[in-house]
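Each chain, letter by letter, is given below.
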Amino acid sequence: MKVSLFITCLGDVFYVNAGKATVELLERFGCEVDFPETQTCCGQPAYNSGYHKKTKAAAKNMIHTFAHSEYVVSPSGSCAYMFHEYESLFEGEPVWQEKAKKLKEKTYELTQFLTEVLKVDNTGSEFHAKATYHTSCHMTRLLGVKEAPLKLLSNVKGLEMVELPNRESCCGFGGTFSVKMPTISEQMVDEKVEHIEETETEVLIGADGGCLMNIGGRINRKNKPIKVMHIAEILNSRGEV
Amino acid sequence: MPMHIGEKEFTKRVDKGLEDDFMRGAVRSAQGRLQTNRANAADELGDWEEWRSLGQEIRQHTMENLDFYLQQLSDKIAELGGHVYFAETADDANNYVSEVIANKNAKKIAKSKSMVTEEIALNDILEENGCEVVETDLGEYILQIDDHDPPSHIVAPALHKNKEQIRDVFKEKLGYTKTEKPEELTLFAREKLRKEFLEADVGITGCNFAIAESGSFALVTNEGNARMVSTLPKTQITVMGMERIVPTWEELDVLVSLLTRAAVGQKLTSYVTALTGPKIEGEVDGPEEFHLVIVDNGRSKILGTEFQEALHCIRCAACINVCPVYRHVGGHAYGSIYPGPIGAVLTPLLGGYDDYKELPYASTLCGACTEVCPVKIPLHEQLVKHRRNIVEEEEKSDLAERLAMQGFSIVAGSGNLYKLATRMAPLLVTPFVKDGSISKGPGPVKPWTDIREFPVPQKQRFRDWFKNREKGGSERAKRGN
Ligand code: SF4
């Protein structure tokens, strides 16, 4: 099965290990992974801030980039969901809307792809730690991927999962919200970090670069001994850590 | 700007909210309780999603045929001997009510809870006219005696106060001597209020739903006070937003089921009061004279636009009860009597972008509101539409942001420029990196690093790794291993 990786800008620049793990994981389940070089950012920062006309350049580039892909897989729920928004972005431009629809239909978030398309519930992974999982809002509520990551994590050997209190409440990232309304964002991320500490776990797992950057950034600022990891890194682990 | 509350500047209001530990404690515990109750009540009903779809359909149908149902309602009221007044603006509504009261020479007015009268600031006008207005909803009453503290929530207006604070208000203003136990506080207030009901010349009620078919009104309350307001005084005035209408009792049933469960997680709030026009001969209860004031105040401009769904709202406050931003800043920070997600959608529609352009941005777009709304209003999408209007139609975003987005658009639209930019990124931030992290970022990164560490861009980007690996792979293949 041929899979085109949509790495996302955060994944390309900051969270390179998560990207590597994604590739290796997909290959392990028989996928042939390619990386279309012309991919950029999905346009979410501009779109969610209200700059819809300025989002179109990014969207068109992405539509072109993945035009010939069979499947598009991204290790980030909100970025994968952004591809789903293109259709309404091109309202009134039927040609682009049609292309946007095609892109949407073949785009998956990583854990969604593993469970829905590859029908994998157990990645045969091994990772020894006590951890908790943050459900990202866009991935859970908008993309509708709720169970897949938890199911996959529950089958990782050596991993003890503790449920995060108020699991579904937002971490306060919200893209440009985090810098436009920093004082509110701070309170939200602090509440999230408090809940993570309540679980007394050593690893926080997530499936969205934005949330991980936000929560991780706050955890580091406060010097908390909690490691922040992308779910791909856990699922790709064979017990070596 | 009648619906406006508090400081003019959004940031000042937010700071005030964030600094108010009492308020935040009160909101936090109320939200926790209401969220759990709502979820349980929704589960109990079974097929919650189907109910929501039904609710959405009913609201949509009603809005699309609003002129018909409003006509039907007014005809019915006239038939029953009541008076109907259609108020285009807040002033029109206030003037009409003032006139009715003046004609009756009335001095004492009892009111049941009503958001639309808050929206048009009716109390202020009546008090200016020399009337004594008594709010009979417990929450509203507390706020009223606390020097007209504005409401911070559309169902529980005094949600920002804890019971100790309420005790203190009663103590200071009314000579209350007992404890902060809710039962004692309520009993005390009830006794005070009972007297007021009996003395009131005019009763003013809001309206959760008007039933077009029969000319009746449904008032949903926790306390049953609406019943007293609507039956004891001789003259009754009901003020309704023009969208608060259902075709028949059947639709009412669905919407009340959704409302009470979504609002407080009760199968039925303690009282659903139905009233129908003035009393007719032979009836014991009911007013002698009945006036219905239907308020437009900007609503008809929303009809038929992409924001029409905002009019579908049944004011249950479920979106407010789950909102994490509301949780931290409280209701007053929104600067509007309509706070939370629905407030951030509705307030700019009714009050304009000039005064409320920050509200649509006071959200992470987490979608918790959309998920709970019992009539499926896509609240977070409406917020994005507002943002688009503010940026593209009103051009109200600031210059630095516009330039940044212009740059973003150019770079993200081109694979090559983007590649160049991501390659430059590690070099550009080098001066700011300390111990593998960025603690004090430049320019636009500063608000981020005021709170959090910023990650360091990797020298080997993912794409470089992938390319090397591919190369390595093909060379390996050439070498035959
Ligand atoms: S928008 Fe929906 S959830 Fe919010 S108050 Fe209105 S009906 Fe309730």
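Residue indices begin from 1 for each chain and proceed along its sequence in written order. Labels follow written order: the first chain is A, the first ligand is 1, and so on. Local features are withheld for residues below a pLDDT of 70 in this predicted model, meaning they are given only at 70 or higher, and side-chain atom pairs are given and counted only at 80 or more; totals for whole chains, interfaces and linings count all residues. The basis for the side-chain values is all heavy atoms of the structure; hydrogens and waters are excluded.

### What about the overall build of chain A?
Across its full length, chain A carries 13 helices and 8 strands. On C-alpha atoms alone, chain A measures out to a radius of gyration of 17 Å, which is about the 18 Å that the 2.2 N^0.38 rule sets for 241 residues. Taken along the three principal axes of its C-alpha coordinates, chain A extends 50 × 45 × 25 Å. For the exposure calls, accessible area comes from a 1.4 Å probe over protein chains only, and a residue counts as buried if that area is under 20% of its type's maximum, exposed if over 50%, partly exposed in between. Per-residue burial for chain A yields a buried fraction of 61% across its 241 residues. Numbering of helices and strands runs from the N terminus; a helix is a DSSP stretch of H or I covering at least four residues, while a strand is a stretch of E covering at least two. To get the radius of gyration, use the C-alpha atoms; to get the globule rule, take the number of residues to the power 0.38 and multiply by 2.2 Å.

### Describing the UniProt feature "binding site: [4Fe-4S] cluster 2" (unreviewed entry) in chain B
Residues and elements named next belong to chain B. What UniProt calls "binding site: [4Fe-4S] cluster 2" (unreviewed entry) maps, in this numbering, to Cys323, Cys366 and Cys369. Spatially, the listed residues are clustered: although they cover 47 residues, their C-alpha atoms lie within 8.8 Å of one another. Along the chain, Cys366 falls in the loop between helix H17 (353–356) and helix H18 (368–372). On the basis of relative accessibility, which here comes to 6%, the residue Cys366 falls in the buried class. UniProt positions are given in the numbering used here, feature names are shortened, and annotations may be inferred rather than shown by experiment.

### Looking at the site of the ligand
Think of it this way: one heavy atom of a residue within 4 Å of a molecule or strand is enough to make that residue near it. Around the ligand, the surrounding shell holds 13 residues, and the nearest of these are Cys313(B), Cys316(B), Ala317(B), Cys319(B) and Cys373(B). Classifying every residue of the shell around the ligand by side-chain character gives 12 nonpolar, no polar and 1 charged. Residues are sorted three ways: Asp, Glu, Lys and Arg are charged, Ala, Val, Leu, Ile, Met, Phe, Trp, Tyr, Cys and Pro are nonpolar, and all the rest, Gly among them, are polar.

### A few points about the interface of chain A and chain B
Counting residues at the interface gives 68 residues for chain A, matched by 64 residues for chain B. For this analysis, a polar contact is any N or O atom pair within 3.5 Å, provided that within protein one partner can donate a hydrogen and the other can accept it, and provided that sequence-adjacent residues contribute only side-chain to side-chain pairs. Here chain A is connected to chain B by 33 residue pairs in polar contact (both at pLDDT 80 or more). The dominant element in the side of chain A that touches chain B, judged by the number of residues it contributes, is helix H11 (residues 182–198) of chain A, at 9 residues. Of the residues assigned to the side of chain A that touches chain B, the class counts are 28 nonpolar, 23 polar and 17 charged. Any two residues whose heavy atoms approach within 4.5 Å are treated as being in contact.

### Examining the pattern of salt bridges
In a structure, side chains of opposite charge can pair up when their charged atoms sit close to one another. By salt bridge we mean one thing: a side-chain nitrogen of Lys or Arg within 4 Å of a carboxyl oxygen of Asp or Glu. Per the stated rule, a full pass over the model turns up 39 salt bridges over all chains. A salt bridge links Glu371(B) to Arg141(A); the shortest N-O distance between them is 3.0 Å. In this pair, Glu371(B) is assigned in helix H18 and Arg141(A) in helix H8 (residues 137–142), connecting two distinct chains. Relative accessible area serves as the criterion here: at 32%, Glu371(B) is assigned to the partly exposed category. Relative accessible area serves as the criterion here: at 17%, Arg141(A) is assigned to the buried category. For Asp464(B), the salt bridge identified is with Arg461(B), shortest N-O distance 2.9 Å. Taken together, the shared-partner salt bridges connect Glu119(B), Glu243(B), Arg244(B), Arg299(B) and Arg315(B) into one network.

### So, the sheet that holds strand E1 (residues 2–5) of chain A
Adjacent strands of a sheet pair through backbone hydrogen bonds, lying either parallel or antiparallel. Residues and elements named next belong to chain A. A strand pair is defined by DSSP finding two or more bridges across the two strands. Pairing within the open sheet is parallel, and its 4 strands lie in the order E2-E1-E3-E4. Looking at the sheet topology across the chains shown, the edges are occupied by strand E2 (32–34) and strand E4 (107–109). For this sheet, the mean inter-axis angle between neighbouring strands, taken without regard to orientation, is 35 degrees. In this structure, E1 lies alongside E2, joined through 3 bridges in parallel fashion. Across the sheet, the residue bridging to Ser4 is Asp34, located in E2. Axis lines are fitted through C-alpha atoms, for helices just across the contact stretch, and the angle between N-to-C directions can take any value from 0 to 180 degrees. Contacts from helix H5 (residues 77–89) reach strand E3 (71–74) and E4, with the element oriented near 160 degrees to E4.

### Notes on the UniProt feature "domain: Cysteine-rich" (unreviewed entry) in chain A
Residue and element names in this part refer to chain A. Mapped onto this numbering, the UniProt entry annotates "domain: Cysteine-rich" (unreviewed entry) at residues 3–83 and 132–215. Here residues 3–83 runs as 56% helix and 12% strand, with 16 Å between its end C-alpha atoms. What you have in residues 132–215 is 49% helix and 13% strand, and the ends, taken at the C-alpha atoms, are 13 Å apart.

### As for the packing of helix H9 (residues 163–174) of chain B against helix H10 (residues 182–199) of chain B
All names here are of chain B. Relative to each other, H9 and H10 sit at 35 degrees, their axes nearing to 10 Å. Of the two possible hands of crossing, H9 and H10 adopt the one that is left-handed. Along the contact surface, H9 presents Lys163, Ile166, Arg167, Phe170 and Leu174, while H10 presents Pro182, Leu185, Phe188, Ala189 and Lys192. Each residue belonging to the contact of H9 with H10 can be placed in one class, and the counts come to 7 nonpolar, no polar and 3 charged. Here is the rule for handedness: rotate from the far helix to the near one, and if that takes an anticlockwise turn smaller than a right angle the crossing is left-handed, while a clockwise turn gives right-handed.

### Re the environment of Glu288(B)
Residue and element names in this part refer to chain B. As for its placement among the helices and strands, Glu288 is situated in the loop between strand E9 (271–276) and strand E10 (289–295). A C-alpha to C-alpha distance of 5.3 Å links Glu288 and Lys234, two positions 54 residues apart in sequence. Excluding residues within four positions of it along the chain, Glu288 makes contact with Lys234, Pro278 and Lys279.

### Quick word on the domain arrangement of chain A
All names here are of chain A. Each domain of chain A was delimited in the assignment, giving domain 1 (2–116) and domain 2 (121–235). Averaged C-alpha coordinates put domain 1 and domain 2 at centres separated by 21 Å. Listed per partner, the contact involves 26 residues of domain 1 and 23 residues of domain 2. Between domain 1 and domain 2, the buried area comes to about 2,000 Å², and carbon and sulfur atoms account for 68% of it. When two parts are brought into contact, each loses some accessible area as probed by a 1.4 Å sphere; the total of that loss over both is the buried area. Contact with domain 2 buries area across many residues of domain 1, yet Tyr81, Thr111 and Thr115 alone supply 23% of it, more than any other trio. If you look at where domain 1 meets domain 2, you find 0 salt bridges. The set of elements that each furnish at least two residues to the side of domain 1 that touches domain 2 consists of helix H2 (16–28), helix H3 (44–49), H5 and helix H7 (110–117). Ranked by the residues each element gives to the side of domain 1 that touches domain 2, the list is headed by H2, at 6 residues. Among the residues making up the side of domain 1 that touches domain 2, the classes are represented as 12 nonpolar, 12 polar and 2 charged. Note that domain bounds follow an automatic or database assignment of domains.

### Quick notes on the UniProt feature "binding site: [4Fe-4S] cluster 1" (unreviewed entry) in chain B
All names here are of chain B. The sites that UniProt annotates as "binding site: [4Fe-4S] cluster 1" (unreviewed entry) are Cys313, Cys316, Cys319 and Cys373. For the annotated residues, spread through 61 residues, the largest C-alpha to C-alpha distance comes to 10.4 Å, consistent with a single compact locus. The topology assignment puts Cys316 in the loop between helix H13 (299–302) and helix H14 (318–322). The exposure class assigned to Cys316 is buried, which follows from its relative accessible area of 6%.

### Comments concerning the sheet that holds strand E7 (residues 203–206) of chain A
All names here are of chain A. Spatial ordering of the open sheet is given by E6-E5-E7-E8, a layout of 4 strands whose pairing is parallel. A strand with exactly one partner marks an edge of an open sheet, and here the two such strands are strand E6 (157–161) and strand E8 (227–230). In this sheet, neighbouring strand axes are inclined to one another by 40 degrees on average, regardless of whether the strands run parallel or antiparallel. As defined by bridge partners, E7 adjoins E8 across 4 bridges and the pair is classed as parallel. Bridge pairing in E8 links Ile205 to Met229. Sheet contacts for helix H12 (residues 209–221): E7 and E8; angle to E8, the most-contacted strand, approximately 165 degrees.

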